[in-house]
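# Coordinate inspection notes
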Amino acid sequence: FEHVISTRTLALGDKFSVPYFDPVTMADGEMNVEVVDVEILENGEEAFWLTTAFLGIETRVLVTPAGETIRQTSTMGMESVRMTREAAQAVPASSEPVDLIAQSAVALAGTIPNARESHRIAMRITGVEPALVLDLPPWQVRTDDLVTIKKAEPEGIPADAPLLPELEDRPERVREYLADSFSLPAAHQDIQKRADSLIGPGTSRHAAAKILVDHVYNYVEKVPSIGVPNGLEVLRSARGDCNEHTALYVSLARAAGLPSRIAAGVVYSDRIGIRGAFYYHAWPEVLLGPDVDNPAHWVSVDPTFGQFPADPTHVKLVEGDLDQQIGIMAVMGRLGFTLVSAE
C-alpha cells in the first residue's frame, strides 16, 4: 500500500483500487481507495485523508505523499497513531483500562431472560442495512428489518442419516463440507485418530454431533486466544476461545464423516458489560439430514457453550473460514438490535 501511494500524485477526489492481501485471513482482492480530504501538518507538509474499503470494511487513513501512514481509524472507532518510541513511552497510562470486547459489543435494546434456555427470539435490526443479516429459513428468517431465530429441532430431521467415512460414499455436492484445509486438517492422522476414538462404526450423524459437542466442550480450556485457529493445534494445546473450539469440532466432525461448516456472527451475553449485548462468536453447523441443499437439514451446535443444538441468540452473519469471517468487521460498531419478543 505504501509503495502504491508513493508512486501516485494524490489529489482531492481521486478514486483508485490496489491489489490487497490480508495475511491473517488469507483473503485477497482489491482495496478501493478515495482521497477525501487534505490536512497541513505542523511541519507544513501536506497530507491526505483516504478512505479504504476491502470486503466491506472501511477505514480512514492519513498518509503523506510518500505513503507513510500517520493516523488510521477503524470502523469501530479505534485509532492508530504514528509516533516515535520515546513519545509512545511517554504517553501516560490511562486510569481506566480499555475493554476491547466491550467496545465491539452489538447493543441490544431490551433484555433476553434465560437466554440459553430460549427457543425463539425476534428482534429489529438497527444501524445497518437489514440485508447484512442473513435470511436463512427455517431457523433464521429475516423479513424487512425483523429477524426471527428459532432453536433448531433435530428431531424434525431424519434421525438415521449415516456418517460418510469413505470417500466413495461422499456425494460430490457434500465433499466441500468434509474437506481437509489448513485450518481444518481433517485428514491429519492425529485428528483422524481422535475422531475414531470417539465415533464408532454405525453412529448416526445426530449421535456423532452430540458426542463431539460434549467432547470439545469438556476438552478445550476456555481462554482468550490471539492468532489463526487451527484444529490440530487446538487438539494439541486444548486451549482457546470460540474460534479454537469451532476449528477443532469441524476438523473432528469432517474426519468422522459428519458434513460440517463454520458459521460466525454474534451471540447474546448478559455476563459482559453493564447490560446484555451481542458479541462476536463462531460456531459449527452440521448436516444432520441427507439433503445438503435443504437449510432445514443444517443445525447449529455450539461446543463453546456445550449446546446441541445452539440457542437462538446465535445470529449468523457469515459462513466459512477466516477469509469469509472478515466480513463481520463491516457491521461491527454499527449493528444493533431491538428486542421484540423472546420465548
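Here, every reference points to the structure presented above.
Quick notes on the rules
- Residue numbers here run from 1 along each chain, matching the order of that chain's written sequence.
- It should be noted that, the model being predicted, local features are given only for residues of pLDDT at least 70 and side-chain atom pairs only at 80 or more, the latter also being counted only at that level, while totals for whole chains, interfaces and linings use all residues.
- Note: side-chain values were computed over all heavy atoms of the structure, leaving out hydrogens and water.
- Residues enter a patch when their relative accessible area is above 30% and they make no salt bridge; the linking distance is 9 Å between like charges and 5 Å between nonpolar side chains (Val, Leu, Ile, Met, Phe, Trp, Tyr).
- A 1.4 Å probe and the Shrake-Rupley method give the accessible areas. Residues count as covered only by the protein chains that appear here.
- The salt bridge definition used is simple: a Lys or Arg side-chain nitrogen within 4 Å of an Asp or Glu carboxyl oxygen.
- Where helices and strands are cited, they refer to DSSP runs of H or I of at least four residues and of E of at least two residues respectively, numbered from the N terminus.
- Axis angles are defined between N-to-C directions and span 0 to 180 degrees, where every axis is a line fitted to C-alpha atoms and, for a helix, only to the segment in contact.
- Angle categories are assigned with fixed cut-offs, so that under 35 degrees is roughly parallel, over 145 is roughly antiparallel, 65 to 115 is roughly perpendicular, and the rest are oblique.
- Here, two residues are considered to be in contact whenever any of their heavy atoms come within 4.5 Å of each other.
- For this scheme, ten residues count as nonpolar: Ala, Val, Leu, Ile, Met, Phe, Trp, Tyr, Cys and Pro. Four count as charged, namely Asp, Glu, Lys and Arg, and the remainder, Gly too, count as polar.
- The span one expects for a helix is its residue count, reduced by one, times 1.5 Å.
- Relative accessibility under 20% of the residue-type maximum defines a buried residue, over 50% an exposed one, and the middle range a partly exposed one, all with a 1.4 Å probe and only protein chains included.
- A 3.5 Å cut-off defines polar contacts: any pair of N or O atoms within that distance qualifies, except that in protein one atom must be a possible hydrogen donor and the other a possible acceptor, and neighbouring residues in sequence count only when both atoms are side-chain atoms.
- Two aromatic rings from Phe, Tyr or Trp, using only the six-membered ring of Trp, form a pair when their centres are within 6.5 Å; if the ring planes differ by under 30 degrees the pair is stacked, by over 60 it is edge-to-face, and anything between is tilted.
- Geometrically, a charge over a ring is one whose NZ (Lys) or CZ (Arg) sits within 6 Å of the ring centre while staying within 35 degrees of the ring normal.

### Concerning a nonpolar patch on the surface
- Residues Leu 12, Val 38 and Ile 40 make up a contiguous nonpolar surface patch of about 280 Å² in total accessible area.
- Topologically, Leu 12 is positioned in the loop between helix H1 (2-6) and strand S1 (15-22).

### Considering the environment of Leu 50
- Mapped onto the secondary structure, Leu 50 falls in strand S3 (residues 46-54).
- Along the sequence, Leu 50 and Gly 13 sit 37 residues apart, while their C-alpha atoms lie 9.7 Å from each other.

### Observations concerning the packing of helix H4 (residues 189-198) against helix H7 (residues 242-256)
- The interhelical angle for the contact between H4 and H7, taken along N-to-C directions, is 75 degrees, at an axis separation of 8 Å. As summarised for this structure, H4 and H7 are arranged roughly perpendicular, according to the angle between their axes. Contacts between H4 and H7 pair Ile 191, Gln 192, Arg 194 and Ala 195 from the former with Leu 248, Ser 251, Leu 252, Ala 255 and Ala 256 from the latter.
- By residue class, the composition of the contact of H4 with H7 is 6 nonpolar, 2 polar and 1 charged.

### Focus on H7
- A rise of 1.5 Å per residue sets the reference length of H7, with its 15 residues, at 21 Å; its end C-alpha atoms lie 21 Å apart and thus fit the reference within 8%.
- Burial of H7 is extensive: 15 of the 15 residues sit out of reach of the surface.
- At the N-terminal end of H7, a side-chain oxygen is found 3.0 Å from the backbone nitrogen of Asn 243, two or three residues along, and the residue is Asp 241.
- One or two steps after H7, the chain reaches Gly 257, where phi turns positive at roughly 95 degrees.

### Regarding the pattern of salt bridges
- In this structure the tally under the stated criterion is 14 salt bridges.
- Salt bridges sharing partners connect three or more residues here, namely Arg 261, Glu 285, Lys 316 and Glu 319.

### Quick look at the side chain of His 245
- Inspection of the secondary structure assignment puts His 245 in helix H7.
- Those residues in contact with His 245 that sit more than four places away from it in its chain are Val 216, Val 220, Glu 221, Lys 222, Gly 240, Pro 303 and Thr 304.

### Brief notes about the side chain of Gln 140
- Along the polypeptide, Gln 140 turns up in strand S9 (residues 140-143).
- What makes Gln 140 buried here is its relative accessible area of 4%.
- Engagement of the side chain of Gln 140 in a polar contact is seen with the backbone nitrogen of Lys 316, the distance being 2.9 Å.
- Setting aside anything within four residues of it in sequence, one finds Gln 140 in contact with Val 133, Leu 134, Asp 135, Val 147, Thr 148, Ile 149, His 314, Val 315 and Lys 316.

### A few points about unusual backbone geometry
- Residue Pro 138 is bonded to the preceding Pro 137 through a cis peptide linkage, with omega at 10 degrees.
- Note on placement: Pro 138 falls in the loop between strand S8 (120-126) and S9.
- Residue Pro 309 is reached from Phe 308 by a cis peptide bond, and omega for that bond is -5 degrees.
- Locating Pro 309 in the fold gives a position in the loop between strand S15 (298-300) and strand S16 (315-319).
- Non-glycine residue Asn 114 carries a positive phi angle of around 50 degrees.
- Secondary-structure assignment places Asn 114 in the loop between strand S7 (106-109) and S8.
- Asn 114 gets classed as exposed once you look at its relative accessible area, which sits at 58%.
- Despite not being glycine, Ala 238 shows a phi value in the positive range, around 55 degrees.
- Checked against the element boundaries, Ala 238 lands in the loop between helix H6 (231-237) and strand S12 (239-240).
- You can call Ala 238 buried: its relative accessible area is 16%.

### What about the packing of aromatic side chains?
- Applying the stated criterion across every chain yields a total of 3 aromatic pairs.
- With a centroid separation of 4.9 Å and 70 degrees between ring planes, the pair formed by Tyr 177 and Trp 298 is classed as edge-to-face. In this pair, Tyr 177 is assigned in the loop between strand S10 (146-150) and H4 and Trp 298 in strand S15, connecting sequence segments 121 residues apart.
- Taking the relative accessible area as the measure of exposure, Tyr 177 reaches 9% and is therefore buried.
- What makes Trp 298 buried here is its relative accessible area of 3%.
- Through pairs of rings, three or more aromatic residues link up here, namely Tyr 268, Phe 278 and Phe 337.
- Between Arg 194 and the ring centre of Tyr 219, over which it is positioned, the NZ or CZ distance is 4.7 Å.

Interpretation note: all reported values are geometric properties and have no functional meaning in isolation.
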